[in-house]
Amino acid sequence: MSSTEQGTSSAAPAEPTTAPESAAAPEVPESFYYVHGKDKVVHKVSAGALQHSALIHGMISNLGYTEEQAKANPFPFENIDGDILQMVVDWCNQHKGKPTPPEDTNLPKQKEKLFDLVLAVNYLEIKELLTYCCKQVAMMVKGKSPEEIREIWMIPTDAEDEAAEKEAKKRAGKEAAGETAAAAGDAK
Amino acid sequence: MPIALLKFPTDLLGDVFKLCNPFELYKLSKCSKRTQKSIKSDRTKSWKIEFSDRNEVIIWADRWEYHFNNSDNPSSYFKTFYFKEHMITMYVQFPNGKSFDMFVYLLETFGIRIVEKLEYREYLNSYLDDFSRVAKVSIERNLEIENLSIRGVLEGKAVANFMPVINQMNITKTFVCLQEFPQNFHYQLTTFPSEIRIYSSFWLDINQLLNCTSSRIELSDSMLSNKDLDVFFEKWKQIGTFPNLRHLVIRSKQIDDKSPGVWYGADRNPVQVIKDDGTVGTLTLEMLKWPTLKFRVYAD
């Protein structure tokens with residue numbers, strides 16, 4: 001398992017760089033967690049950056065892991081491609097502790113990755129990034145004709161949908177018949 | 001780079017739809033039966049619809065007016081034009097060439113529950129048949145009609161036949177009737193939105209006025225007389241009556257400034273009428289070609 005350092009500070013609790021506001025409120029050292037995608041590449045991300053993800057925030061909020069425990073138990077997201085998870089982690093780091101501007105120029109630009117990115121962001125429940133990604137998707141068809149929209153959003157024609165439905169029914173029928181035959185065989 | 005939109009989970013699809021305007025969703029609905037079904041199943045939109053022309057149906061969304069205009073010219077289909085701020089037009093082919101069919105298509109596709117405006121304007125072009133069908137659909141589907149407007153002269157008899165339908169409509173904001181009716185026209189209006197303005201109101205008698213719950217009432221060409229107004233003001237003074245009324249204007253040749261009543265002197269100076277609960281209304285009388293009574297209520 002390889003590892004990349006995505007955090008903004010080292011794994012050890014960070015030393016405060018500025019004087020605390022008052023003696024009664026010392027600065028809490030930042031904690032880090034580890035996540036990996038389908039490619040098993042582990043990304044180290046601060047809890048502050050992970051707050052963008054409602055899913056991960058909910059998972060870590062009551063864990064109270066030590067640095068060692070966090071490192072030993074990275075969160076696996078096997079349904080997310082490694083490069084997509086990298087994009088998401090980068091975005092979370094860039095927007096750590098900051099509200100997202102209405103026009104976010106830090107969004108990954110690769111259109112070919114947009115579909116997977118949207119699904120990942122939706123799964124990880126990163127609301128602001130999801131809104132921005134959905135905007136990108138919606139913008140793709142601005143001013144386009146239905147024919148162009150059909151191509152851009154890969155929409156099958158009615159005939160194609162009907163053919164696919166027939167095929168699915170046929171397949172389901174075959175599977176059901178196979179199961180019945182297998183059950184009859186078992187009974188014998 | 002294409003993206004397989006329909007492979008998105010339903011909630012995500014809804015998120016994308018939310019970011020599309022009515023023109024984009026209409027065009028998407030035209031891509032396939034499946035896309036139309038997906039749009040129909042998303043019930044998060046709060047758009048409104050307007051029907052006021054035989055060649056046009058308008059969608060009101062996010063402070064913009066999206067005008068769908070009928071065209072017979074395929075080369076103009078889906079072309080858009082900005083006419084003024086917050087107003088954009090797109091040419092399309094209405095189903096069966098009928099504005100009624102387009103109204104129903106948009107209503108169903110976008111899951112619309114509110115008619116911003118339903119208007120019949122005889123002088124533009126005659127579309128009473130389509131208008132009547134839209135009214136019928138609005139009743140059948142219990143749509144909220146915010147503003148209903150009827151204006152015309154020539155088709156008075158035909159519109160008179162349509163009028164009974166109005167009481168079945170759920171009109172909430174204004175009912176404006178600039179329609180002229182045959183002299184023998186009788187009608188009992190029982191639905192009262194916030195505001196009614198009736199410009200040929202000879203048929204609206206004192207009983208209808210006494211039952212009216214609108215906050216603004218404007219009646220022209222009325223047959224109401226001083227005696228009727230006396231009855232009205234006697235009732236108005238009682239506690240709990242006409243709780244919404246703020247503004248009443250009646251233009252009637254049956255009104256004079258000679259008969260005794262609360263309006264005495266109102267042709268010279270505003271007269272105060274005081275309700276039993278202390279609420280004050282101000283009455284003025286203008287003895288013009290059409291004597292006009294104006295009554296304003298100042299409530300807390």
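Since the structure is predicted, the reported quantities are computational estimates derived from the model, not experimental observations.

Parameters at a glance
- Residues numbered from 1 in each chain as written.
- Chains lettered and ligands numbered in written order.
- Predicted model: local features only at pLDDT ≥ 70, side-chain atom pairs only at ≥ 80, totals over all residues.
- Heavy atoms only, no water.
- Helix = DSSP H or I, 4+ residues; strand = E, 2+ residues; numbered from the N terminus.
- Contact = heavy atoms within 4.5 Å.
- Areas by Shrake-Rupley, 256 points an atom, 1.4 Å probe, with all protein chains shown as cover.
- Buried area = accessible area lost by both parts, 1.4 Å probe.
- Salt bridge = Lys/Arg side-chain N within 4 Å of Asp/Glu carboxyl O.
- Polar contact = N/O pair within 3.5 Å; in protein donor to acceptor, adjacent residues only side chain to side chain.
- Phe/Tyr/Trp six-rings, centres within 6.5 Å; stacked < 30°, edge-to-face > 60°.
- Buried < 20%, exposed > 50% of the residue type's maximum accessible area, 1.4 Å probe, protein only.
- Lys NZ or Arg CZ within 6 Å of the ring centre and 35° of its normal.
- Core = buried A, V, L, I, M, F, W, Y, C linked by side-chain atoms within 4.5 Å.
- 1 Å grid on protein atoms, 1.4 Å probe; cavity = no way out; pocket = protein on both sides within 12 Å on 5 of 7 lines; lining within 4 Å.
- Points joined across faces, edges and corners; volume = space filled by probe spheres on them.
- Nonpolar A, V, L, I, M, F, W, Y, C, P; charged D, E, K, R; others polar.

A.B. asks: Just to check I follow, could you spell out the overall build of chain A for this structure?
C.D. replies: Along the backbone of chain A there are eight helices and four strands. Scanning chain A from its N terminus toward the C terminus, one meets helices and strands in the order β-β-β-α-α-α-β-α-α-α-α-α. The long-range share in chain A, meaning contacts at least 24 apart out of those at least 6 apart in sequence, stands at 63%. Looking at chain A as shown, the accessible area adds up to about 11100 Å², and 55% of this sits on carbon and sulfur atoms.

A.B. asks: How should the interface of chain A and chain B be read in this particular structure?
C.D. replies: Interface extent is often summarised as the accessible area lost during association of the parts. Every contact between the two is made by 31 residues of chain A and, on the other side, 26 residues of chain B. Summed over both sides, the interface of chain A with chain B buries roughly 2400 Å², with 73% coming from carbon and sulfur. It is Phe-115, Pro-146 and Trp-153 of chain A that lose the most area in chain A upon contact with chain B, and together they represent 24% of the buried surface on that side. There are two salt bridges connecting chain A and chain B. The salt bridge involving Arg-34 of chain B is made with Asp-161 of chain A; its shortest N-O contact spans 2.8 Å. For the interface between chain A and chain B, the tally reads seven residue pairs in polar contact (both at pLDDT 80 or more).

A.B. asks: Mind showing me how you'd approach the packing of aromatic side chains here?
C.D. replies: Each pair of aromatic rings is reported with the distance of its centres and the angle of its planes. Overall, the coordinates contain 24 aromatic pairs over all chains when judged by the stated rule. On the basis of an interplanar angle of 70 degrees and a centroid distance of 5.7 Å, the ring pair of Phe-81 of chain B and Tyr-91 of chain B is categorised as edge-to-face. Here Phe-81 of chain B is found in strand β4 (residues 80–84), whereas its partner Tyr-91 of chain B is found in strand β5 (residues 87–92), with 10 residues between them in sequence. Take Phe-81 of chain B: its relative accessible area is 36%, and that puts it in the partly exposed class. Overall, the relative accessible area of 23% leaves Tyr-91 of chain B in the partly exposed class. Pairing Phe-181 of chain B with Trp-203 of chain B gives two aromatic rings, centres 6.3 Å apart and planes at 85 degrees, and the pair type is edge-to-face. Of the two residues, Phe-181 of chain B sits in the loop between β8 (170–179) and β9 (195–198) while Trp-203 of chain B sits in the loop between β9 and α7 (206–211), which places them 22 residues apart along the sequence. As far as the burial class goes, Phe-181 of chain B and Trp-203 of chain B line up, both buried. The positively charged end of Lys-44 of chain A is found above the aromatic ring belonging to Phe-32 of chain A, 4.6 Å away from the centroid.

A.B. asks: What am I meant to see in unusual backbone geometry here?
C.D. replies: In terms of backbone geometry, most residues other than glycine have negative phi values and most peptide bonds are trans. Here the phi dihedral of Lys-40 of chain A falls at roughly 70 degrees; this positive angle occurs in a residue that is not glycine. You can call Lys-40 of chain A partly exposed: its relative accessible area is 38%. In this structure, Phe-242 of chain B is a non-glycine residue whose phi angle is positive, near 45 degrees. Mapping Phe-242 of chain B onto the fold places it in the loop between α8 (226–237) and β11 (247–252).

A.B. asks: How do you make sense of the nonpolar core when you look at a structure like this?
C.D. replies: Side chains of a nonpolar character, in soluble globular proteins, are inclined to be buried together. In this structure, Trp-153 of chain A together with Phe-68, Met-163, Phe-232 and Phe-295 of chain B are the most contacted members of the largest nonpolar core, which totals 135 residues. Setting aside chain neighbours within four positions, we find Phe-68 of chain B in contact with Pro-22, Phe-23, Tyr-26, Asn-55, Glu-56, Val-57, Ile-59, Met-90, Val-92, Phe-94, Met-102 and Leu-106 of chain B.

A.B. asks: Explain the layout of surface pockets here, please?
C.D. replies: Within this model, the largest pocket holds a volume of roughly 210 Å³. Lining the largest pocket are 14 residues, and of these Gly-143 of chain A together with Asn-21, Phe-23, Thr-80 and Ile-88 of chain B lie nearest its centre. Of all the secondary-structure elements, those providing two or more residues to the lining of the largest pocket are α2 (22–29), β3 (64–70) and β4 of chain B. Here the lining of the largest pocket gets three residues from one element, more than from any other, and that element is α2 of chain B. Taken together, the residues of the lining of the largest pocket break down into six nonpolar, four polar and four charged. Of the voids in this model, the second largest pocket is the one considered here, and its volume is about 170 Å³. Lining the second largest pocket we find Ala-54, Glu-125, Ile-126, Lys-127, Leu-130, Thr-131 and Cys-134 of chain A together with Asp-15, Lys-18 and Leu-19 of chain B. Within the residue set of the lining of the second largest pocket, elements represented by two or more residues are α6 (127–139) of chain A together with α1 (10–18) of chain B. Split by residue class, the lining of the second largest pocket holds five nonpolar, one polar and four charged.

A.B. asks: I would appreciate a short explanation of empty space enclosed by the protein in the present structure.
C.D. replies: Any empty space left between atoms is shown by rolling a water-sized probe over those atoms. Residue and element names in this part refer to chain A. As enumerated under the stated definition, the model contains one cavity of 30 Å³ or more in all. What the largest cavity holds in volume is close to 60 Å³. Surrounding the largest cavity, Val-35, Val-45, Leu-50, Ser-53, Ile-56, Leu-85, Val-88, Val-89, Cys-92, Leu-124 and Ile-126 form its lining. If you tally residues by element for the lining of the largest cavity, the top one is helix α4 (residues 82–94), at four residues. Looking at side-chain class alone, the lining of the largest cavity contains 10 nonpolar, one polar and no charged residues.

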